[in-house]
Amino acid sequence: MHTAAGVEACLPIRSDMDLVWVRQHVRQAAARLGFGLVDQTKLVTAASELARNTLVHGGGGRMEATQVGSAGAQGLRLAFTDEGPGIADLDLALSDGYTSGGGLGMGLSGARRLVHDFDIDTTPGSGTTVRVTCWVGRPPRPREEV
């Protein structure tokens, strides 16, 4: 069971400058929790892609960062929420190599590979929420075979 220590930050995502603040906050929070440099970079990379998706495809939104714990492990959960058009074809959006352009080119599937837990809630016409969690000292999940 995962327990949350409460939302530590809720940052708006309305401009390119907000993307910088999101990356900076995620890196600082990950360092504070004891993530190594490689794991910090993976989490920041995933957060950057998801924040850009929130801005570009969702018309803006917010990121909530929450410190979590499970069986003595510390983690950081990030939730990216927008009220945009939603994702019409989630299977396509999650497929390897799919990108609509403008981001880092890694898409949702790349972000998913960089984190331990990945959950997406989307309804066409009602927005999208993507939640990711990384745990200190755990290797990321292996790439899923197709």
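These figures come from a predicted structure and were not determined experimentally.

Reading the values: rules and limits
- Residues numbered from 1 in each chain as written.
- Predicted model: local features only at pLDDT ≥ 70, side-chain atom pairs only at ≥ 80, totals over all residues.
- Heavy atoms only, no water.
- Buried < 20%, exposed > 50% of the residue type's maximum accessible area, 1.4 Å probe, protein only.
- Helix = DSSP H or I, 4+ residues; strand = E, 2+ residues; numbered from the N terminus.
- Pairing = 2+ DSSP bridges.
- Salt bridge = Lys/Arg side-chain N within 4 Å of Asp/Glu carboxyl O.
- pLDDT = per-residue confidence, 0-100.
- Axes fitted to C-alpha atoms, helices over the stretch in contact; angles between N-to-C directions.
- Parallel < 35°, antiparallel > 145°, perpendicular 65-115°, else oblique.
- Left-handed = near helix turned anticlockwise from the far one by under 90°.
- Contact = heavy atoms within 4.5 Å.
- Nonpolar A, V, L, I, M, F, W, Y, C, P; charged D, E, K, R; others polar.

Most of strand E3 (residues 73-82) is tucked away: 8 of the 10 residues are buried. When strand E2 (residues 61-70) meets E3, the two strands line up antiparallel, connected through 10 bridges. Looking at E3, one finds that methionine 63 is bridged to phenylalanine 80. Once E2 ends, the chain turns through 2 residues before running back antiparallel as E3, passing alanine 71 with a positive phi of about 50°. Here 8 bridges tie E3 to strand E5 (residues 127-135), and the two strands are oriented antiparallel to one another. Considered in E5, the bridge of alanine 79 is made with arginine 131.

Attention now goes to the pattern of salt bridges. Under the counting rule described, the total for this entry stands at 4 salt bridges. Of the charged contacts in the structure, one is a salt bridge between arginine 32 and glutamate 8, with a shortest N-O distance of 2.9 Å. Here arginine 32, found in helix H1 (residues 16-33), pairs with glutamate 8, found in strand E1 (residues 3-13); they are 24 residues apart in sequence, far enough to count as distant. Residue glutamate 8 is classed as partly exposed on the basis of its relative accessible area, which comes to 30%. Glutamate 64 serves as the salt-bridge partner of arginine 62, at 3.4 Å between the closest nitrogen and oxygen.

When pLDDT is averaged across the protein chain, the result is 86; 82% of the residues are at 70 or more. By mean pLDDT, E1 is the weakest element of the protein chain at 77, and H1 is the strongest at 96.

Time to look at the pairing of E5. Across the 9 residues that make up E5, a large majority, 8, are buried. Bridge analysis of strand E4 (residues 117-123) against E5 gives 7 bridges, and the strand direction is antiparallel. Across the sheet, residue aspartate 117 finds its bridge partner in E5, namely threonine 133. Connecting the antiparallel pair E4 and E5 is a turn made up of 3 residues, with glycine 125 showing a positive phi of about 90°.

Our focus in this paragraph is unusual backbone geometry. Not every positive phi belongs to a glycine, and alanine 71 is a case in point at roughly 50°. Here alanine 71 lies in the loop between E2 and E3. Given the relative accessible area of 85%, alanine 71 is considered exposed.

This next bit is on the packing of H1 against helix H2 (residues 37-56). Following both chains from N to C, one finds H1 and H2 inclined at 150°, their axes separated by 9 Å at the closest point. The angle between H1 and H2 falls in the class roughly antiparallel. In the crossing of H1 with H2, the sense of the turn from one axis to the other is right-handed. Residues Asp16, Leu19, Val22, Arg23, Val26, Arg27, Ala30 and Ala31 of H1 form the contact with H2, whose participating residues are Leu37, Gln40, Thr41, Leu43, Val44, Ala47, Ser48, Ala51, Arg52 and Leu55. For the contact of H1 with H2, the per-class residue count stands at 11 nonpolar, 3 polar and 4 charged.

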